[in-house]
Amino acid sequence: MPTADVGNAPEDTRADAEERETGGRISTAPREDPAVDIPVLGPVGWARWFWRQLTSMRVALILLFLLSLAAVPGSLIPQNGADAFAVRDFRERNGTLAEVYDRLQLFDVYSSVWFSAIYILLFVSLIGCILPRSRQFAGQLRSRPPQAPRRLTRMPAHTTWRTEAEPERVLRAARTLLRGRRFRISPAEEHGGPDGPGGPGSGDSVAAEKGYLREAGNLVFHISLIVMLLAFAAGQLWNSEGGKLVVEGDGFSNTLVHYDDFTSGSLYDTGDLDVFGFTLEEFHASFERTGPQRGTARTFRADVSYWEGADGPEEKTSIEVNHPLKVGDSKVFLVGHGYAPVVTVTDGQGRMAYRGPVPFLPQESLGLTSTGVIKVTDYRDKDGEKEQLGFQGIFTPTYGIDAERGPHSTFPELDYPVLSLNAFHGDLGVDAGLPQNVYQLDTDKMEQFEAEDGDLFRADLRPGESVELPEGAGTLTFDRVEQWASFQISQEPGEGWALGGAVAAVLGLAGSLFVRRRRVWVRARRGADGVTVVEMAGLGRSESARLPEELGELAFALQDDAPPAAERDGAEPAPGRDAGGSTGGTAEDVPAATEDAGPSSRGENE
């Protein structure tokens, strides 16, 4: 029976361990590396990352685009702040959709949470963009144009020629020329630079730079956007706007109760209303009578007398379209025009129940066909019973009728005015305590009068004519026609700032797009043959096809003081004067040539 060799056990164990170790080293099996220690961003790191993203130009443009998109629903969907009646009408016609709009705050777009968030983020992003660029621009203004590189021929645009003029004279002329072209000149170094006389830092060259308004225009554009945002915000918070319809002979006082409608910003105090008033003395309107523009308005003018303050003197003026009346911080704009038939209604007792002008609202602009209602609340029938009357009517300044359109106006002036009315009796609903539109008639609790032949009662009246109401209900007389004008009274605290910001933004954008940042160097050295060699080179900080042309113009102007010298026999010809050419240079000269000269004219990623 074989027996184990106990004495060799330790050697065997060591051999096995070495074999396993060797096998592990030459094995092709993948070996797991220890875990890589990846740094984790803390709250400060995430805040710094978020700030860098928010203040980047890309995010600012995205936010500006989102703000323009967010403003679109405000122009398509009626807004509570602008036309509450239109919002109420929309709710009545679109119940389910109106609920969705309410949840999305689409009836109050400009005061919604999402619109305000975009607005504030854009504001912060613009400030974050401006601050570092302002510091960078201030540093550029303090800096000087860099010295001329060793090899000007390595520049994208260059030219050279030989002249009999002294180098100092050429350099003086170059400084005068460049200053006259509004270039910024670096101070001359008279004692040579670090490389000794004639080196790249010596006083044998002139360095100039132009186009700082490019970055200035960029900053002005961004600052103007902030000014416009602040102006719009002020206009939304402290503005006020109201409308008033005034018939000829009537007046208006700038108090809250006299407005037909009034809206204001959330921070506006109605106690800040300017104290003034005015009376509409007469309204003038003219229309084109012939040609393809027949019926088009030519002039609108409201002659008013106004006063400012409680005891201010009365003054007369005219309000026209785009020419408002300015009183204090308020502006009174002329926004509409129409007709107000003057009617007289007597009740069944023969007593006058109503008399006065009734404004009718135009339904179309070419003929001014207008609709309106007359509400008679103080009325008694032939038996003395208290009741109310209502009339629905159409007023046509120049009456016409056809089978398709029915009664309508063929011209907006009072050539043949006719008032057509339907009459109702019953309860107008004005005593229920609910607000009503004065230009609409609620006929739910009313009945229409019937004529003697059983048809519904209807009357067509000319000025001065009267009609007897059925069943001894009284009479209605169409006395005459007066005109009315509607005015908008507004206070816009940020209006001037917004206009100034818009103009400055356009100018700044034009400067950032059309101003070119470029550098020009002029070097003048005396050659071995005693003739001065003039070199000129230009470098654009942004892509510009005019750089060689501009350098050529400067070289041509400089040749008045440094005319080209005649070629000597046996001398090497002077280099060409093509400002866009290249005259050689070695590879080792490239770093020295471009040192402190900025990027080439092929473009720069700023």
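Figured I'd write up the structure that's included with this text. (Residues numbered from 1 in each chain as written. Predicted model: local features only at pLDDT ≥ 70, side-chain atom pairs only at ≥ 80, totals over all residues. Heavy atoms only, no water.)

What follows deals with the overall build of the protein. Looking only at helices and strands, the protein features 12 helices and 24 strands. Long-range pairs, those at least 24 residues apart, make up 67% of the contacts in the protein between residues at least 6 apart in sequence. Total accessible area on the protein stands at roughly 34600 Å², and carbon and sulfur atoms take up 54% of it. (Helix = DSSP H or I, 4+ residues; strand = E, 2+ residues; numbered from the N terminus. Contact = heavy atoms within 4.5 Å. Areas by Shrake-Rupley, 256 points an atom, 1.4 Å probe, with all protein chains shown as cover.)

On to the sheet that holds strand 2 (residues 184–185), then. Spatially, the 5 strands line up as an open sheet ordered 1-24-23-3-2, and their pairing is antiparallel. Of all the strands in the sheet, just strand 1 (157–163) and strand 2 have a single pairing partner and so form its edges. In terms of strand pairing, strand 1 meets strand 24 (residues 532–540) through 7 bridges, oriented antiparallel. Bridging across to strand 24, Arg 162 finds its partner in Val 533. Sheet strands touched by helix 11 (residues 547–558): strand 1, strand 23 (518–526) and strand 24. Its angle to strand 24, the strand with the most contacts, is close to 150°. (Pairing = 2+ DSSP bridges. Axes fitted to C-alpha atoms, helices over the stretch in contact; angles between N-to-C directions.)

This paragraph deals with the nonpolar core. Grouped together as the largest cluster of nonpolar side chains are 28 residues, with contacts concentrated most on Val 376, Leu 389 and Phe 391. Among the nonpolar cores identified, the runner-up in size contains 25 residues, and Ala 174, Val 534, Met 536 and Leu 551 belong to it. (Core = buried A, V, L, I, M, F, W, Y, C linked by side-chain atoms within 4.5 Å. Buried < 20%, exposed > 50% of the residue type's maximum accessible area, 1.4 Å probe, protein only.)

With respect to the element layout, Thr 396 can be found in strand 15 (residues 386–396). Residue class for Thr 396 comes out buried when judged on its relative accessible area of 1%.

Turning next to the pattern of salt bridges. Pairing is possible between side chains that carry opposite charge, provided their charged atoms lie close to one another. The final tally for this structure, using the stated rule, is 21 salt bridges. Salt-bridge contacts for Glu 215 lead to Arg 133; the nearest nitrogen and oxygen are separated by 3.3 Å. Note that Glu 215 is positioned in helix 9 (residues 213–238) and Arg 133 in helix 7 (residues 113–142), a separation of 82 residues in sequence. Overlapping salt bridges bring together Glu 209, Arg 517 and Arg 519 as one network. (Salt bridge = Lys/Arg side-chain N within 4 Å of Asp/Glu carboxyl O.)

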